[in-house]
Amino acid sequence: MKNTANLVETLYNAYDQNQPISKQSIHEEIGKLAAYEVQHLITEKKANVKEDKLIGYKISLTSGETQQLFNSTTPLYGALTQTSLSDGTIELDTMLSPLIEIELMFIAKEELSPADNEQSILQKMSIAPGLEIPDSRFKDWFPKLTLGQVIADSAVAGKIVIGTPVQDLSYNQLENIKAELLLDGESIATGSSSEVLGNPVHSIKWLIDELAKSGRMIEKGMIISSGTFILPNKLQKGKYEVRFDSIGEVSLDVV
């Protein structure tokens, strides 16, 4: 099995050159701790070499159905960097094998720690309508990667689109928010926030506690993509719109 430095170099080069690699490039039995180490080192290298700095995190496997796809009993997280932010237009040819998901984006107004509970999390964060575009550095990846491979590849982080944040949502309001995804005006998927660990604020709490294990935290200004309402759809050219009850809407043009 390759050592950590070689694994980092392999995945970083795939990101840097926008060229996918085979699943055999990263051993399928890589464990969670080793995979997170690879992820963190790649995130640091992006910041140091490309000035592509960490801006937040994405949380994956927040429903029983998606956990089953990757033989997991818990969520996992990946890093979002400055190049993850989309201005609302994506050129399909610049992506490798992208999908699209409905997600709520949590934005930290101050830092959070394991001392925070669900109520204080809601007080310290605003919430925005969002879309996430997962994309992997691996060829033919969904849903064929192992858990460790997904973690090492930053939870297949691609792009995120963020709408206008809203404030002061209650725990009960967040529990059952409905959302609809449209492509060129036609409804293609609907989902509920209850798919995200029962309530997306549980997802944020899980992330806070998980990050603390490696001495990390959600810092002021960070964006957290909290988990998908739906099973991902393949990204196509066209105009996407997502409409959330009580939250608002956001759109994405794929050209």
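The preceding data block contains the structure.
1. With respect to the overall build of the protein chain
Summing up its helical and strand segments, the protein chain has seven helices and twelve strands in all. For 255 residues, the compact-globule estimate of 2.2 N^0.38 gives 18 Å, and the C-alpha radius of gyration of the protein chain, at 17 Å, lies within 12% of that figure. Taking the principal axes of the C-alpha coordinates as reference, the protein chain spans close to 50 × 45 × 35 Å. Counting over 255 residues, the protein chain shows a buried share of 53%. Of all intrachain contacts in the protein chain linking residues separated by at least 6 positions in sequence, the fraction that spans at least 24 positions is 76%.

2. Quick notes on the environment of Ser194
Mapped onto the fold, Ser194 is located in the loop between β8 (186–192) and α7 (200–212). For Ser194, a relative accessible area of 33% translates into the label partly exposed. When the C-alpha positions of Ser194 and Phe229 are compared, they lie 7.7 Å apart, and in sequence the two are 35 residues distant. Residue contacts for Ser194: discarding those within four places in its chain leaves Glu175 and Asn176.

3. Topic: α7
For α7, spanning 13 residues, the distance from its first C-alpha to its last is 19 Å, which sits close to the expected 18 Å at 1.5 Å a residue. Most of α7 sits inside the fold, with ten of its 13 residues counted as buried. Of all the positions in α7, only Pro200, Val201, Ser203, Ile204, Lys205, Trp206, Leu207, Ile208, Glu210 and Leu211 are classed as buried.

4. Considering the nonpolar core
Ranked by size, the top nonpolar core spans 70 residues in total, and within it Ile218 and Leu252 carry the most contacts. Not counting chain neighbours up to four residues away, the residues in contact with Leu252 comprise Ser86, Gly88, Thr89, Ile90, Ile100, Leu131, Ile133, Val161, Leu235, Gly238, Lys239 and Tyr240. Judged by nonpolar contacts, the second largest core, of eight residues, contains Leu80, Met105, Ile107 and Ile223.

5. A word on the pairing of strand β5 (residues 125–133)
Taking burial as the measure, the nine residues of β5 include nine buried ones, the bulk of the element. Neither face of β5 is exposed, since Met125, Ile127, Pro129, Leu131 and Ile133 on one face and Ser126, Ala128, Gly130 and Glu132 on the opposite face are all buried. Bridge analysis of strand β4 (residues 99–108) against β5 gives eight bridges, and the strand direction is antiparallel. Considered in β5, the bridge of Ile102 is made with Leu131. Summarising the sheet, β5 and strand β6 (residues 159–162) pair through four bridges and their orientation is antiparallel. Residue Ile133 lies in a different strand from β6, and its bridge partner there is Lys159.

6. Here we look at the sheet that holds strand β7 (residues 178–183)
Read across the sheet, five strands follow the order β3-β12-β11-β7-β8 without closing on themselves; strand pairing throughout is mixed. The sheet terminates laterally at β3 (89–90) and β8, the two strands that pair on one side only. With seven bridges connecting them, strand β11 (residues 238–244) and strand β12 (residues 248–254) associate as antiparallel partners. Each bridged residue has a counterpart across the sheet, and for Gly238 the counterpart in β12 is Val254.

7. Some remarks on the pattern of salt bridges
Under the definition given, this model contains eleven salt bridges. For Lys205, the salt bridge goes to Asp209, with nearest N and O atoms at 3.3 Å. Of this pair, Lys205 and Asp209 both sit in helix α7, four residues apart, roughly one helical turn. Between Asp253 and Lys239 there is a salt bridge, and its shortest N-O distance comes to 3.5 Å. Note that Asp253 is positioned in strand β12 and Lys239 in strand β11, a separation of 14 residues in sequence. Residues participating in the shared-partner salt-bridge network are Lys23, Asp140 and Lys144.

Rules behind the numbers
Residues numbered from 1 in each chain as written. Predicted model: local features only at pLDDT ≥ 70, side-chain atom pairs only at ≥ 80, totals over all residues. Heavy atoms only, no water. Helix = DSSP H or I, 4+ residues; strand = E, 2+ residues; numbered from the N terminus. Rg over C-alpha atoms; globule rule 2.2 N^0.38 Å. Buried < 20%, exposed > 50% of the residue type's maximum accessible area, 1.4 Å probe, protein only. Contact = heavy atoms within 4.5 Å. Expected span 1.5 Å × (residues − 1). Core = buried A, V, L, I, M, F, W, Y, C linked by side-chain atoms within 4.5 Å. Pairing = 2+ DSSP bridges. Salt bridge = Lys/Arg side-chain N within 4 Å of Asp/Glu carboxyl O.

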